[in-house]
Amino acid sequence: MPDNLIFGIEVFLNGLMAGVLYALVALGFVLIYKASGIFNYAQGVMALFAAATLVGIMNGQVPFSHLINAMFGTEVHYFGWHLPALLGILLTAAFMVLLAWLVQKFVFKHLVGQEPIILFMATIGLAYFLEGISDLMWGSEIKNLDVGLPQGASIWLEDSTRWMGFGNENFYGFFIDKLDMFATVIAAILVLALVIFSQYSKQGRAMRAVADDHQAALSVGINLNFIWVMVWSLAGFVALVAGIMWGTKSGVQFSLSLIALKALPVLMLGGFTSIPGAIVGGLIIGVGEKLFEFAVGPMVGGATENWFAYVLALIFLVFRPQGLFGEKIIERV
Amino acid sequence: MNDMSTEGYTTADGRKIGGTLMEMKNITLSFGGVKAITDISFDIKEGEIRAIIGPNGAGKSSMLNVISGFYIPQQGEVWYQGAKRPQMRPYEVARQGIARTFQNIALFDGMSVLDNVMTGRLNHMTTGLLAQGLWKGKAEREEVENRERAEKIIDFLEIQAIRKTPVARLPYGLKKRVELARALAAEPSLLLLDEPMAGMNVEEKEDMSRFILDVNDEFGTTIALIEHDMGVVMDLSDRVVVMDYGKKIGDGTPDEVRNNQAVIDAYLGVSHD
């Protein structure tokens, strides 16, 4: 096989893997949007916050230590323990549930029935608030997250695909990061679990009911507050998973919260209300931007990855505003 | 007939009506300076069809919203099943066995008819979230049982043919019927219908009337309904409360109400002083 084709295939595969990570973030958006009509701008910051909390808990960092030390003149930084990853993840998940409850109790409970734009503004406020709290609690330096996920190229995959070069001496097998493969498996499990939950469980049915009509949901005895806390918890959990994947890949740092912006075009493609749409949209954007960079990038001086997703989203907005899987909005006149 | 008695009575067509199921005592509700309901008392007895009628803006819907917990009255007490009801949120009222429909149809548009009716069964599903995941058998059994109940009600209201149709696609009259099915699926002890016949043609009205009577007959469900179409109400209900400008101006059997001068004035539009 010629070099270019082999390289193209490798780019395609890596695009798929990157797409999975985009999809993970987009999934959090879809969950909240479906159940409450809120476009949660804070989803990216939630991923950052979750990852930072996980690092903090695992390393036994004292939360708000800078603040405490400045106020009382003490010198506390660490509790002096080091927790195993699994326990840390469980504690962080519990923490995200607590956060969901607080967000619902102090913010969105008071905004029930408000215009979508007001709810959106509230999530922007929430994003900046969480960002600040995250810095205060765990510090703003770049943190290394290691929960024992496999990293680096898969030697096995490289070895076992070497024959595909068909005699091309420059080809040593496909290079795919183990972390990306792992993320793909996790994302698949997560999506499957979410779909089963929302389609077949009692709470899932209640969640869909709340998404459709608040009044009707109340009239059949659904506790709206409970459902919303549940949805924010789920979104927090998805944020934690996304935070772990991205944090392991590129460190826990502020730029993690910006992946939320990459999730936007994914949502435009997939549709804001579709869980499968978030996945397919993520894959298309991931593959699209990598292949575009590979094929067209050299002609225009590169860096197409920065804008490709947005242009694609723009094209979709013009020709298919509801996205690939979104619900078509028809107003009866 | 003595309104405040707690005993039952026998209707003209020989049905036995039980004791008091719900009693509204001196309810007053206002929005800012506007009084929607002024000092109204009435009761609903077990097994009867009770109507609340009145011209537009009389406060009928407000009354229904007080019963179902959507509005909280400034004054007055709600007694239900022999006990004073503490202040409750609508979902808690629903869990007490009070189901309702809405004047402007509130269905779950994204779901099929069957799914809509199944949401009415939510309060009869007791398996917790974890149990549903870990103990598949119990959750499945519960789902099957509830599904059977839902199907029974779907058959009863003759909407089998559209079971799988998304409700957004249905015509108005059928939507109203699906909403009734969802409320019935909860097996309520009190069913509240907010203008069940509004916006319907004659044929649809007849169908709906028949279903209301059948529900009362077959399941013994106590029904309280709001209508402003006098004719329909008089044929349907055992006792009628008449409201005008937020006040109660009549209460009794359809015949008593029909001959009540205040009611006639309200409907024919005599000027208020």
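Remember, predicted model here, so these are calculated numbers, not experimental data.

1. Brief notes about the environment of A:Ala18
Here A:Ala18 lies in helix H1 (residues 3-36). Separated by 162 residues in the primary sequence, A:Ala18 and A:Asp180 place their C-alpha atoms 7.3 Å from one another.

2. Notes on helix H5 (residues 116-138) of chain A
All names here are of chain A. For H5, with 23 residues, the first-to-last C-alpha span of 32 Å sits near the 33 Å given by 1.5 Å per residue. Along H5, the residues classified as buried are Ala122, Ala127, Leu130, Ser134 and Trp138. On its buried face, H5 sits against helix H2 (43-59). Gly139 lies just past H5 and shows a positive phi near 85°.

3. Describing the nonpolar core
The biggest cluster of nonpolar side chains holds 160 residues, and the ones touching the most others in it are A:Ala23, A:Leu24, A:Ala26, A:Ala47, A:Ala51 and A:Val231. By residue number, the principal contributor to this core is helix H10 (residues 224-250) of chain A, which donates 18 residues. Split by domain, this core shows at least three residues from each of two domains, domain 1 (12-97 + 188-273) and domain 2 (105-187) of chain B. Once residues lying within four places of it in the same chain are set aside, the contact partners of A:Ala23 are A:Ala187, A:Val266, A:Ala278, A:Ile279, A:Gly282 and A:Leu283.

4. A word on the environment of A:Val62
Residue and element names in this part refer to chain A. Structurally, Val62 can be placed in the loop between H2 and helix H3 (65-72). For the pair Val62 and Leu126, spaced 64 residues apart in sequence, the C-alpha separation works out to 23 Å. When residues no more than four places from it in sequence are discounted, the contact partners of Val62 are Ile68, Val76, His77, Tyr78 and Phe79.

5. Examining helix H7 (residues 202-219) of chain B
Residue and element names in this part refer to chain B. For H7, with 18 residues, the first-to-last C-alpha span of 26 Å sits near the 26 Å given by 1.5 Å per residue. For H7, the full list of buried residues reads Met208, Ile212, Val215 and Asn216. Buried residues of H7, viewed axially, fall in a sector of 95°; they line one side. Looking at H7, the residues exposed on the side facing more than 90 degrees away from the buried face are Val202, Glu203, Arg210, Asp214, Asp217 and Glu218. For H7, the secondary structure elements touched by its buried residues are strand E5 (49-53), helix H6 (172-185), strand E10 (222-227) and helix H8 (230-236). Phi for Gly220, located one or two positions after H7, is positive at around 65°.

Cut-offs applied
- In this numbering scheme, every chain counts its residues from 1 along its sequence in written order.
- All chains are assigned letters beginning with A, and all ligands numbers beginning with 1, in the order in which they are written.
- With the structure being a predicted model, the display of local features is reserved for residues of pLDDT at least 70 and the display and counting of side-chain atom pairs for 80 or more, all residues being used for whole-chain, interface and lining totals.
- Under the scheme used here, helices are H or I runs from DSSP no shorter than 4 residues and strands are E runs no shorter than 2 residues, and both carry numbers assigned from the N terminus.
- What a helix is expected to span follows from its residue count: subtract one and scale by 1.5 Å.
- Counting other C-beta atoms within 10 Å of a residue's own tells you its class, since 20 or more makes it buried, 12 or fewer makes it exposed, and anything in between is partly exposed; those C-beta atoms are placed from the backbone.
- We call two residues in contact when the distance between their C-beta atoms, placed using the backbone, is within 7 Å.
- In plain words, the nonpolar core is the set of buried Ala, Val, Leu, Ile, Met, Phe, Trp, Tyr and Cys residues that C-beta atoms within 7 Å link up.
- Residue ranges assigned to the domains are those given by an automatic or database domain assignment.
- Within this analysis, the arc is defined by the directions that extend from the helix axis to the C-beta atoms.

Distances and angles like these do not, on their own, reveal function.
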